[in-house]
Amino acid sequence: MRKTQSNYVGMSSAVLDVFDNRKSVWENKALVSAGYARLKALSKDINETAAKQKENAPEGYTAAKEEARTELEELLFVVGRKLRAFARLEDDVVAATQSDFSRSSLDILSFSNLLNLARAIVEVCKARLTQLKAYEIDEVALDELQTAIDKLASSGAHRDAMLDFRMENTSSIEKLLSKMRRELKTMDALVEGFIFDEAFLTVYFNARRIHDVRGGNRKKEEEVKG
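What counts and what doesn't
Residues numbered from 1 in each chain as written. Predicted model: local features only at pLDDT ≥ 70, side-chain atom pairs only at ≥ 80, totals over all residues. Heavy atoms only, no water. Helix = DSSP H or I, 4+ residues; strand = E, 2+ residues; numbered from the N terminus. Buried < 20%, exposed > 50% of the residue type's maximum accessible area, 1.4 Å probe, protein only. Areas by Shrake-Rupley, 256 points an atom, 1.4 Å probe, with all protein chains shown as cover. Phe/Tyr/Trp six-rings, centres within 6.5 Å; stacked < 30°, edge-to-face > 60°. Lys NZ or Arg CZ within 6 Å of the ring centre and 35° of its normal.

1. Re the overall build of the protein chain
Next up, step 1: Helix and strand counts for the protein chain stand at 11 helices and 0 strands.
Next up, step 2: When the helices and strands of the protein chain are read in sequence order from the N terminus, they spell out α-α-α-α-α-α-α-α-α-α-α.
Next up, step 3: Across the 226 residues of the protein chain, 37% fall into the buried class.
Next up, step 4: When the accessible surface of the protein chain is split by element, carbon and sulfur atoms take 52% of a total near 13,000 Å².

Put into structure tokens, the structure is as follows:
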């Protein structure tokens, strides 16, 4: 949630606190009471959505993805060097082409290209597994590499899903805040039309001070005249 949104939510909570602390002033006024119920429900929805947005922040998933990528790159580099040695000694053009990468070149590959390269290396090695055992590439090594591939693919998919979910929550918050703004303007009209308790009005419009509402202007004018 952006700072301006958080500030608005804080103001909305302050307004609700005014009503909660002075129920005797308004609870017998049906229109005001209904407006309060709408504000309370919206506030609950906003807080729940904001909590989900925070819960699905991408930072942790990004860190897990980077950790999985580093693990895969290290394994891929080791297998690739051994495969390259095999290719030179056995004059295997396909193996030579697939293993023609440096450690630094792995770092600049895109997420999908890194996965594609790793999967291609696994397939090349599987087709030559009997010969490659002499080069310390066996079933265990390939299983370890495949596990790293699956881990990175899974962490990337999980992170993308969380980002999508977070964006959905962000959109929901914006819509809910838009409703809250309309409801608060309606409440301003209800308070001015049906509540004549000066102490309540002062506290209410102080809570609404971040908006240019008529009550707020009236209070400022009275302060200037005083």
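2. What about the packing of aromatic side chains?
Next up, step 1: Within the structure shown, the criterion is met by 8 aromatic pairs.
Next up, step 2: Between F86 and Y135 the ring centres are 5.4 Å apart and the planes differ by 85°, which places this aromatic pair in the edge-to-face class. In this pair, F86 is assigned in helix α4 (residues 59-90) and Y135 in the loop between α8 (129-132) and α9 (139-194), connecting sequence segments 49 residues apart.
Next up, step 3: Residue classification places Y135 among the buried positions, given a relative accessible area of 18%.
Next up, step 4: When the ring of F200 is compared with that of Y204, the centres are 6.2 Å apart and the planes differ by 10°; the resulting orientation is stacked. Of this pair, F200 and Y204 are both found in helix α10 (residues 198-207), 4 residues apart, which corresponds to roughly one turn of the helix.
Next up, step 5: What makes F200 buried here is its relative accessible area of 0%.
Next up, step 6: In textbook terms, an aromatic cluster arises when at least three aromatic residues are bridged by ring pairs, as seen for F19, W26, Y36, F200, Y204 and F205.
Next up, step 7: Over the face of the ring belonging to F111 we find K65, whose NZ or CZ atom lies 4.2 Å from the ring centre.

These figures capture arrangement, not role.
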